[in-house]
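Geometric and topological summary
Residues per chain are reported as follows:
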Amino acid sequence: METNRRDFLKIGGVCALGLGSLPVLNAVAQNVPKIMDNPQALTAKRWAMAIDVKKCWEKGKPGCKDCILACHTTHNVPDIGTLKEEIKWIWTEKYENVFPGFESGNEPHDIREKPFLVLCNHCANAPCTRVCPTKATFKRADGITMMDFHRCIGCRYCMAGCPYGARSFNFRDPRNYIKTELNPTFPTRERGVVEKCNFCEERLAAGKIPACVEACAAKALTFGDLEDPSSEVRKALGAQYSIRRKPELGTLPGVYYII
Amino acid sequence: MLERALTGNTRYYKLLGTLLVFMGLGAVAWLTQLDRGLTITGLSRDVSWGLYIAQFTYLVGVAASAVMVVLPYYLHDVKAFGKITILGEFLAIAAVTMCLLFIVVDLGKPMRLLNVLLYPTPNSILFWDMIVLNGYLLLNLFIGWNVLEAERKGTHYPNWVKPLIYISIPWAVSIHTVTAFLYAGLPSRHLWLTAILAARFLASAFCSGPALLIILAYLVKKYSKFDPGKEAIDKLTTIMTYALVISIFFVGLEAFTAYYSGIPSHQFSLTYLFFGLEGHRGLVPFMWLFAALATAATVLLLKPGTRANEKHLLIACGCVFFSMWLEKGIGLVVGGFIPNGLEQVREYAPSIPEMMIVLGVWATGFFVLTVLYKIAVSVKEEVQA
Amino acid sequence: MKIYDGKYILIGLLVFVGVITFPIWFNLGKAAPPPEPKLDTPVIMQMAQKQCVLPREEMRTGHMQILNDWRTQVVRNGKRMYVAADGKTYEMSLQNECMRCHSNKTQFCDQCHTYAGLKLDSTPYCWTCHVPPKETK
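Scope of this entry: the structure provided in the associated data block.

Cut-off values and rules
Residues numbered from 1 in each chain as written. Chains lettered and ligands numbered in written order. Predicted model: local features only at pLDDT ≥ 70, side-chain atom pairs only at ≥ 80, totals over all residues. Heavy atoms only, no water. Pairing = 2+ DSSP bridges. Helix = DSSP H or I, 4+ residues; strand = E, 2+ residues; numbered from the N terminus. Contact = heavy atoms within 4.5 Å. Axes fitted to C-alpha atoms, helices over the stretch in contact; angles between N-to-C directions. 1 Å grid on protein atoms, 1.4 Å probe; cavity = no way out; pocket = protein on both sides within 12 Å on 5 of 7 lines; lining within 4 Å. Points joined across faces, edges and corners; volume = space filled by probe spheres on them. Nonpolar A, V, L, I, M, F, W, Y, C, P; charged D, E, K, R; others polar. Phe/Tyr/Trp six-rings, centres within 6.5 Å; stacked < 30°, edge-to-face > 60°. Lys NZ or Arg CZ within 6 Å of the ring centre and 35° of its normal.

1. Examining the sheet that holds strand β2 (residues 47-52) of chain A
All names here are of chain A. Taking strand neighbours across the sheet as the criterion, the 4 strands line up as β9-β2-β11-β10 in an open arrangement whose pairing is mixed. With partners counted over all chains shown, the strands left at the sheet margins are β9 (221-225) and β10 (242-243), one partner each. Pairing of β2 with strand β11 (residues 255-258) involves 4 bridges; the strand directions are parallel. Counterpart to Met-49 in the pairing with β11 is Val-255. Relative to the sheet, helix α11 (residues 232-239) contacts β2, β9, β10 and β11, its axis offset from that of β9 by approximately 115°.

Put into structure tokens, the structure is as follows:
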């Protein structure tokens, strides 16, 4: 058979088209495994939280620790029992420690003495992710400062970098110190890695709001997308004056305090 | 050349044996740490770096100080240093070895160490520190070995070594600069957040390193037929004196800025170190000991008579080395964490196993140093004879 | 031909060969029973079509790679859904998905891992963090 140039080009074109459409075919065909997002997942451009401290004190029962308990139960956070090796994702501190340098000594009694909730700020400009030598802690596109426990080498540089004391290190095997009921759907940690609040990313992926927000009967915690003007967190921030921890450092925390 | 490390008199073997005992004790302590975790140390969630990282920081300085003999010899043709450049380079090798070991023993998951290479992260200063330290180790190994080999054969070292020597000079500065950047770039650790930290590190390195080198040169002279030469020691002493005075000056600068500006957060760590904070005074004696030793060293070194008197010079060197160790190897690293990010004072004291590991690493470093110096000195003796 | 110090060299060689072959003759005649991973969990028994996310052969040889890929997708990329070739969707989770069917860690995972000489519960170190389902003996 004689092939002229015209035929050659025609055949070549058809062949190229066939090859090019292979990925399309693959995608349409159901015979190859695929990886996708969970359609039920809650998503945001930037997750953020607002803590209304007055609501927390006034509507919450005295000494309420519902949010802390909910978080620590959900994430199998151990109770080591010493200040030295303490592991905590969310806890309370006094005003002078949460906002050092802000205190005048003449604040209302409640401000000076009542507990302020503290947790990882999921900073937009997070020093911990900047210093981590293995990207074991990293920023997700939705603003969550994530920990990869499989990759952490335990150098604790992130702990030196974090200005908020949000990070805890597993000095010993935490398994034996989980005093809450073990949550079988969430892993524990291993000795030698750093851990902290993850904004309940595993719950967001399943379409649920963070455990602390859900657990708060006083509705003092608001969670939502900071970039979405109609989100609850934006409405709360738009309605009342709020502050963030150590704003002068430029870390741009995602946790706001409505005082 | 390596075989020269295997022959020696009883004193040599006794020294190696003693070091091996300490290395063994350190290894046992480290195995305990591997088994039980960093809980056996005095480290806490608030002071998350302690003696290990402090030793690392101090020894990076000792390693970098080799440049103080290499630079004058190769760039300014200061002939007196020709005999001791090898001592400086081999000291650098031993010091960097200790640095790397201190990083390893500090890790919570040492078996994952290579993640640093597997997932290179250029935005982390620790990544760069890993690169410059390993590079510096290799540079000194290649340079020291080849120059010594050439000396043994009575030839000139190969030409390709020359560029390495030139590179090693800024490289030495880089290792301590990058190590300072580990600290100086962290927000809200006010003791470290100072633009002169790298300069401070270099100044204290250039006095503590030469101090150790002078002591080592004295020991080499005493126990072998190789004499590093009085002129070299004199010149090193001058360098050390200047660096010491600049170091003390820099500490003064920090104090001025913190206290005259009146900004409390800039003062807390310094106050904790020198006067105690909220009743916690754990490091106060150490810091005043630093001040006393540094002052004593300055007075001794500025007195012209000291340099002529070997014994006085050695005492001065000891003061310099130990005072800088207190300032950098304890105060600076631990002090940076106190108070913590919530302005609470949580103190730190190393545990006994932790100190055993530290001693073990120092012993390992001195083992490496002894073997390397033995080789160097044997070659020098042969060439002399 | 004369071998200098022949006696010592020969003794040395014999000791060396002895040591190097130690595992062979130490285990001689003691063949470990082949592993029999069990698939008889309640969930699997109720399945009409007993099918994992990939064919059995691929799972057998590549489950560690799949788990590692899943881990990366979930932890680092936030992707949690796996659509198998037959269109069925799975949550990419060892603890919550794999173990939902294979709820018998000791009879399924440990069987082969022990046979392969891996240290129980520490290599691979899945179970130092991930919580296996409770098993009734």
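After that view of the structure, there is still more to cover.
2. A word on the layout of surface pockets
Where empty space is left in the structure can be found by rolling a water-sized probe over the atoms. Residues and elements named next belong to chain B. As a volume, the second largest pocket reaches approximately 650 Å³. Around the second largest pocket, the lining comprises 19 residues; the ones closest to its centre are Tyr-12, Leu-15, Leu-219, Tyr-223 and Thr-370. Broken down by element, the lining of the second largest pocket gets its largest block of residues, 8 residues, from helix α14 (residues 352-384). The residue inventory of the lining of the second largest pocket, partitioned by class, reads 11 nonpolar, 5 polar and 3 charged.

3. Some details on the sheet that holds strand β1 (residues 34-36) of chain A
As summarised here, the arrangement of the 3 strands in space is β1(A)-β1(C)-β2(C), forming an open sheet in which the pairing is antiparallel. This sheet does not close on itself; its edge strands, each paired only once, are β1 of chain A together with β2 (89-91) of chain C. Across the sheet, the mean angle separating the axes of adjacent strands is 30° when strand polarity is ignored. With 3 bridges joining them, strand β1 (residues 81-83) of chain C and β2(C) adopt antiparallel strand pairing. Within the sheet, the bridge partner assigned to C:Val83 lies in β2(C) and is C:Thr89.

4. Concerning the packing of aromatic side chains
With the rule as written, the count across this model stands at 31 aromatic pairs over all chains. With 5.4 Å between their ring centres and 70° between their planes, B:Tyr58 and B:Phe321 make a pair best called edge-to-face. Pair noted here: B:Tyr58 is in helix α2 (residues 51-64) and B:Phe321 is in helix α13 (residues 310-336), with a separation of 263 residues, a long-range link. Members of the aromatic cluster, joined through ring pairs, are A:Trp57, A:Tyr95, A:Phe99, A:Phe102, A:Phe116 and A:Tyr257. The cationic tip of A:Lys84 hangs over the ring face of A:Phe171; the distance from NZ or CZ to the ring centre is 5.5 Å. Geometry around A:Phe169 places A:Arg156 over its ring, the cationic atom sitting 5.1 Å from the centre.

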